[in-house]
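Close look at the chain arrangement
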Amino acid sequence: MRILYEIVLVLYIVGYFPILLLRGKWHGGFGERFGFISREALQRLSQSSNIWVHAVSVGEVMAVGGLIRQLKLRFPRHQIVLTTATRTGYELSQKKLSKEIMLLWAPIDLSASVLRFIKAIKPKIYVAAETELWPNLFYYLHRNRIPIVVVNGRISDKSLYQYLRIRWFMRHFLKCANAYCMQSALDVQRIVAIGAPTHCVK
(Lines give C-alpha, C1' and ligand atoms only; values in the text may rest on other atoms or scores of the structure.)
Protein backbone atom coordinates (compact mmCIF):
# COMPACT_ATOMS: atom_id res chain seq x y z
CA MET A 1 0.00 0.00 0.00
CA ARG A 2 2.79 2.42 0.90
CA ILE A 3 4.66 1.30 -2.22
CA LEU A 4 1.73 2.43 -4.37
CA TYR A 5 1.62 5.74 -2.46
CA GLU A 6 5.34 6.25 -3.04
CA ILE A 7 5.05 5.56 -6.78
CA VAL A 8 2.22 8.07 -7.10
CA LEU A 9 4.20 10.63 -5.08
CA VAL A 10 7.30 10.21 -7.28
CA LEU A 11 5.21 10.69 -10.43
CA TYR A 12 3.64 13.80 -8.93
CA ILE A 13 7.04 15.25 -7.99
CA VAL A 14 8.48 14.60 -11.46
CA GLY A 15 5.48 16.26 -13.07
CA TYR A 16 5.40 19.21 -10.67
CA PHE A 17 9.08 20.25 -10.87
CA PRO A 18 8.74 21.94 -14.29
CA ILE A 19 5.82 23.94 -12.89
CA LEU A 20 7.99 25.10 -9.97
CA LEU A 21 10.67 26.24 -12.40
CA LEU A 22 8.23 28.07 -14.66
CA ARG A 23 6.59 29.83 -11.72
CA GLY A 24 9.95 30.80 -10.20
CA LYS A 25 9.23 28.88 -7.00
CA TRP A 26 12.35 26.73 -7.09
CA HIS A 27 14.69 27.49 -4.18
CA GLY A 28 17.89 26.16 -2.67
CA GLY A 29 16.06 24.25 0.03
CA PHE A 30 14.90 21.47 -2.28
CA GLY A 31 18.10 19.50 -1.80
CA GLU A 32 17.50 19.56 1.94
CA ARG A 33 13.90 18.49 1.42
CA PHE A 34 15.20 15.30 -0.18
CA GLY A 35 17.30 14.63 2.91
CA PHE A 36 20.60 16.15 1.83
CA ILE A 37 21.25 18.08 5.03
CA SER A 38 24.44 20.14 5.24
CA ARG A 39 27.42 18.88 7.22
CA GLU A 40 27.18 21.87 9.55
CA ALA A 41 23.52 21.17 10.28
CA LEU A 42 24.22 17.46 10.85
CA GLN A 43 26.94 18.34 13.32
CA ARG A 44 24.65 20.72 15.21
CA LEU A 45 21.90 18.11 15.33
CA SER A 46 24.26 15.48 16.67
CA GLN A 47 25.34 17.67 19.58
CA SER A 48 21.96 17.88 21.34
CA SER A 49 18.72 16.10 22.15
CA ASN A 50 16.11 17.32 19.69
CA ILE A 51 12.38 18.00 19.68
CA TRP A 52 11.02 18.11 16.12
CA VAL A 53 8.19 20.59 15.44
CA HIS A 54 6.65 20.87 11.98
CA ALA A 55 4.68 23.89 10.74
CA VAL A 56 4.00 23.82 7.02
CA SER A 57 3.55 27.53 6.27
CA VAL A 58 2.93 31.02 7.70
CA GLY A 59 -0.29 30.30 9.60
CA GLU A 60 1.10 27.21 11.29
CA VAL A 61 4.40 28.95 12.10
CA MET A 62 2.49 31.73 13.87
CA ALA A 63 0.38 29.16 15.70
CA VAL A 64 3.34 27.20 17.11
CA GLY A 65 5.40 30.18 18.28
CA GLY A 66 3.97 30.04 21.79
CA LEU A 67 4.30 26.27 21.94
CA ILE A 68 7.96 26.45 20.96
CA ARG A 69 8.69 28.97 23.70
CA GLN A 70 6.92 26.79 26.24
CA LEU A 71 8.91 23.77 25.12
CA LYS A 72 12.13 25.76 25.50
CA LEU A 73 11.15 26.68 29.07
CA ARG A 74 10.08 23.16 29.95
CA PHE A 75 12.98 21.37 28.26
CA PRO A 76 15.91 23.82 28.27
CA ARG A 77 18.47 21.12 27.46
CA HIS A 78 16.68 20.16 24.26
CA GLN A 79 17.03 21.84 20.90
CA ILE A 80 13.83 22.68 19.02
CA VAL A 81 14.14 21.72 15.35
CA LEU A 82 11.46 23.45 13.29
CA THR A 83 10.69 22.29 9.77
CA THR A 84 8.55 24.17 7.29
CA ALA A 85 7.62 23.55 3.65
CA THR A 86 7.06 26.99 2.09
CA ARG A 87 9.37 29.91 1.40
CA THR A 88 7.11 32.32 3.28
CA GLY A 89 6.93 29.97 6.27
CA TYR A 90 10.71 29.57 6.25
CA GLU A 91 11.34 33.32 6.06
CA LEU A 92 8.87 34.04 8.86
CA SER A 93 10.52 31.39 11.04
CA GLN A 94 13.92 32.99 10.44
CA LYS A 95 12.54 36.39 11.35
CA LYS A 96 10.42 35.51 14.38
CA LEU A 97 11.88 32.33 15.90
CA SER A 98 15.57 32.18 14.98
CA LYS A 99 16.68 32.52 18.62
CA GLU A 100 14.50 29.63 19.79
CA ILE A 101 14.95 27.07 17.02
CA MET A 102 17.14 25.31 14.51
CA LEU A 103 15.37 25.73 11.17
CA LEU A 104 15.26 23.13 8.38
CA TRP A 105 13.17 22.57 5.30
CA ALA A 106 10.64 19.77 5.80
CA PRO A 107 11.34 16.44 4.09
CA ILE A 108 9.45 15.35 1.00
CA ASP A 109 7.40 12.33 2.11
CA LEU A 110 9.57 9.79 0.30
CA SER A 111 10.98 6.94 2.36
CA ALA A 112 14.62 7.85 1.66
CA SER A 113 14.12 11.53 2.55
CA VAL A 114 12.17 10.78 5.70
CA LEU A 115 14.69 8.22 6.91
CA ARG A 116 17.58 10.65 6.42
CA PHE A 117 15.77 13.25 8.53
CA ILE A 118 14.93 10.83 11.31
CA LYS A 119 18.51 9.55 11.39
CA ALA A 120 19.87 13.11 11.51
CA ILE A 121 17.46 14.62 14.04
CA LYS A 122 16.87 11.56 16.23
CA PRO A 123 13.88 13.39 17.75
CA LYS A 124 12.60 12.61 21.22
CA ILE A 125 9.14 13.56 19.93
CA TYR A 126 7.57 14.84 16.71
CA VAL A 127 4.94 17.60 16.95
CA ALA A 128 2.92 18.60 13.86
CA ALA A 129 0.85 21.79 13.75
CA GLU A 130 -2.74 21.62 12.48
CA THR A 131 -3.17 18.58 10.24
CA GLU A 132 0.02 17.63 8.44
CA LEU A 133 -0.66 13.96 7.84
CA TRP A 134 2.25 12.30 6.02
CA PRO A 135 2.05 8.50 5.63
CA ASN A 136 5.76 7.67 5.30
CA LEU A 137 6.84 10.12 7.98
CA PHE A 138 4.28 8.79 10.46
CA TYR A 139 5.13 5.19 9.61
CA TYR A 140 8.88 5.54 10.10
CA LEU A 141 8.59 7.70 13.21
CA HIS A 142 6.32 5.05 14.72
CA ARG A 143 8.64 2.24 13.63
CA ASN A 144 11.49 4.04 15.41
CA ARG A 145 9.32 4.42 18.53
CA ILE A 146 9.24 8.21 18.33
CA PRO A 147 6.02 9.69 19.77
CA ILE A 148 3.85 11.67 17.32
CA VAL A 149 1.54 14.46 18.47
CA VAL A 150 -0.70 16.60 16.25
CA VAL A 151 -1.57 19.94 17.87
CA ASN A 152 -4.25 22.48 16.95
CA GLY A 153 -5.58 19.92 14.48
CA ARG A 154 -8.34 20.69 12.03
CA ILE A 155 -10.02 19.02 9.06
CA SER A 156 -11.59 21.40 6.52
CA ASP A 157 -14.71 20.53 4.51
CA LYS A 158 -12.60 20.01 1.38
CA SER A 159 -10.02 17.87 3.19
CA LEU A 160 -12.71 15.76 4.82
CA TYR A 161 -14.24 14.89 1.45
CA GLN A 162 -10.83 13.94 0.03
CA TYR A 163 -9.76 11.93 3.09
CA LEU A 164 -13.03 9.98 3.25
CA ARG A 165 -12.45 8.79 -0.30
CA ILE A 166 -9.20 7.12 0.81
CA ARG A 167 -10.20 6.21 4.36
CA TRP A 168 -9.03 2.63 3.73
CA PHE A 169 -5.52 4.05 3.32
CA MET A 170 -5.66 6.80 5.96
CA ARG A 171 -6.54 4.52 8.87
CA HIS A 172 -3.34 2.48 8.41
CA PHE A 173 -1.01 5.37 9.22
CA LEU A 174 -3.28 7.51 11.41
CA LYS A 175 -2.97 4.82 14.07
CA CYS A 176 0.77 5.59 14.25
CA ALA A 177 0.22 8.87 16.14
CA ASN A 178 0.01 8.98 19.92
CA ALA A 179 -2.32 11.98 20.21
CA TYR A 180 -4.48 14.23 18.04
CA CYS A 181 -5.28 17.49 19.83
CA MET A 182 -8.03 18.98 17.70
CA GLN A 183 -9.39 22.53 17.54
CA SER A 184 -13.07 21.67 18.00
CA ALA A 185 -15.55 18.88 18.64
CA LEU A 186 -16.33 18.87 14.91
CA ASP A 187 -12.67 18.32 14.08
CA VAL A 188 -12.60 15.46 16.60
CA GLN A 189 -15.52 13.81 14.81
CA ARG A 190 -13.92 14.33 11.43
CA ILE A 191 -10.51 12.86 12.19
CA VAL A 192 -12.15 9.84 13.83
CA ALA A 193 -14.33 9.47 10.73
CA ILE A 194 -11.27 9.24 8.49
CA GLY A 195 -9.63 6.60 10.65
CA ALA A 196 -7.86 8.03 13.70
CA PRO A 197 -8.26 5.79 16.81
CA THR A 198 -10.83 7.30 19.16
CA HIS A 199 -8.63 6.89 22.25
CA CYS A 200 -5.90 9.06 20.65
CA VAL A 201 -8.15 12.01 19.84
CA LYS A 202 -8.78 14.95 22.17
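Notes on the structure follow. (Residues numbered from 1 in each chain as written. Predicted model: local features only at pLDDT ≥ 70, side-chain atom pairs only at ≥ 80, totals over all residues. Heavy atoms only, no water.)

1. A short note on the pattern of salt bridges
Inspection of every chain in the model, using the stated rule, returns three salt bridges. Among the salt bridges present, the one from Arg69 reaches Glu100, with a minimum N-O distance of 3.8 Å. With Arg69 in helix 4 (residues 58-74) and Glu100 in the loop between helix 5 (87-97) and strand 3 (101-105), this pair connects stretches of sequence that are 31 residues apart. Its salt-bridge partner being Glu130, residue Arg154 comes within 2.8 Å of it at the nearest N-O pair. Separated by 24 residues along the polypeptide, Arg154 in the loop between strand 5 (148-153) and helix 8 (157-165) and Glu130 in the loop between strand 4 (123-129) and helix 7 (135-143) bring together distant segments of the chain. (Salt bridge = Lys/Arg side-chain N within 4 Å of Asp/Glu carboxyl O. Helix = DSSP H or I, 4+ residues; strand = E, 2+ residues; numbered from the N terminus.)

2. Examining unusual backbone geometry
Excluding glycine, residues mostly have negative phi values, and the peptide bonds linking residues are mostly trans. In the Ramachandran plot, Lys122 falls in the positive-phi region, its phi being about 45° despite a non-glycine side chain. Tracing the backbone through its elements, the reader meets Lys122 in the loop between helix 6 (111-121) and strand 4. Given the relative accessible area of 57%, Lys122 is considered exposed. (Buried < 20%, exposed > 50% of the residue type's maximum accessible area, 1.4 Å probe, protein only.)

3. Thoughts on the packing of aromatic side chains
Tallying each qualifying case throughout the model produces nine aromatic pairs. Geometrically, the ring pair formed by Phe169 and Phe173 is tilted, given 5.8 Å between the ring centres and 55° between the ring planes. Note that Phe169 and Phe173 are positioned in helix 9 (residues 167-174) at a spacing of four residues, about one turn of the helix. Each member of the pair Phe169 and Phe173 is classed as buried. Linked through ring pairs, Tyr5, Trp52, Phe117, Tyr126, Phe138, Trp168, Phe169 and Phe173 together constitute an aromatic cluster. (Phe/Tyr/Trp six-rings, centres within 6.5 Å; stacked < 30°, edge-to-face > 60°.)

4. Section: the sheet that holds strand 2 (residues 78-84)
One open sheet accounts for six strands, arranged 3-2-1-4-5-6; its pairing is parallel. In this open sheet, the two strands that pair with only one neighbour each are strand 3 and strand 6 (179-182). Taken over all neighbouring pairs, the strand axes of this sheet differ in orientation by 20° on average, direction set aside. As judged from the five bridges shared by strand 1 (residues 49-54) and strand 4, these two strands associate in the parallel manner. The residue bridging Val53 from the neighbouring strand is Val127, located in strand 4. Across the sheet, helix 5 lies against strand 2 and strand 3, angled at about 170° from strand 3, the strand it touches most. (Pairing = 2+ DSSP bridges. Axes fitted to C-alpha atoms, helices over the stretch in contact; angles between N-to-C directions. Contact = heavy atoms within 4.5 Å.)

5. Looking at helix 6
Three- or four-residue spacings in an α-helix give side chains the same orientation, since the helix completes a turn every 3.6 residues. All of the buried residues in helix 6 are Ser111, Ser113, Val114, Phe117, Ile118, Ala120 and Ile121. Lys122 sits one or two residues past helix 6 and shows a positive phi near 45°.

6. Describing the environment of Lys158
Residue placement: Lys158 occurs in helix 8. A C-alpha to C-alpha distance of 39 Å links Lys158 and Pro76, two positions 82 residues apart in sequence.

7. Regarding the pairing of strand 3
In terms of burial, strand 3 is largely enclosed, as five of its five residues are buried. Burial along strand 3 is two-sided: Ile101, Leu103 and Trp105 and Met102 and Leu104, pointing in opposite directions, are all buried. The pairing of strand 2 with strand 3 spans five bridges and is classified as parallel. The residue of strand 3 that forms the bridge with Leu82 is Leu103. Note on the crossover from strand 2 through helix 5 to strand 3: the handedness is right-handed. (Right-handed = clockwise from strand over helix to strand, strands pointing away.)

8. Overview of a nonpolar patch on the surface
On the surface, Met1, Ile166 and Trp168 cluster together into a nonpolar patch covering about 300 Å² of accessible area. Mapped onto the elements, Trp168 comes out in helix 9. (Patch = residues over 30% accessible without salt bridge, like charges linked within 9 Å, V, L, I, M, F, W, Y side chains within 5 Å. Areas by Shrake-Rupley, 256 points an atom, 1.4 Å probe, with all protein chains shown as cover.)

9. Section: the packing of helix 8 against helix 9
Between helix 8 and helix 9, whose axes approach to 5 Å, the crossing angle comes to 95°. By the criterion of interaxial angle, the relationship of helix 8 to helix 9 is roughly perpendicular. Every residue of helix 9 that contacts helix 8 at Tyr163, Leu164 and Arg165 is listed here: Arg167, Trp168 and Met170. Residue composition of the contact of helix 8 with helix 9, by class: four nonpolar, no polar and two charged. (Parallel < 35°, antiparallel > 145°, perpendicular 65-115°, else oblique. Nonpolar A, V, L, I, M, F, W, Y, C, P; charged D, E, K, R; others polar.)

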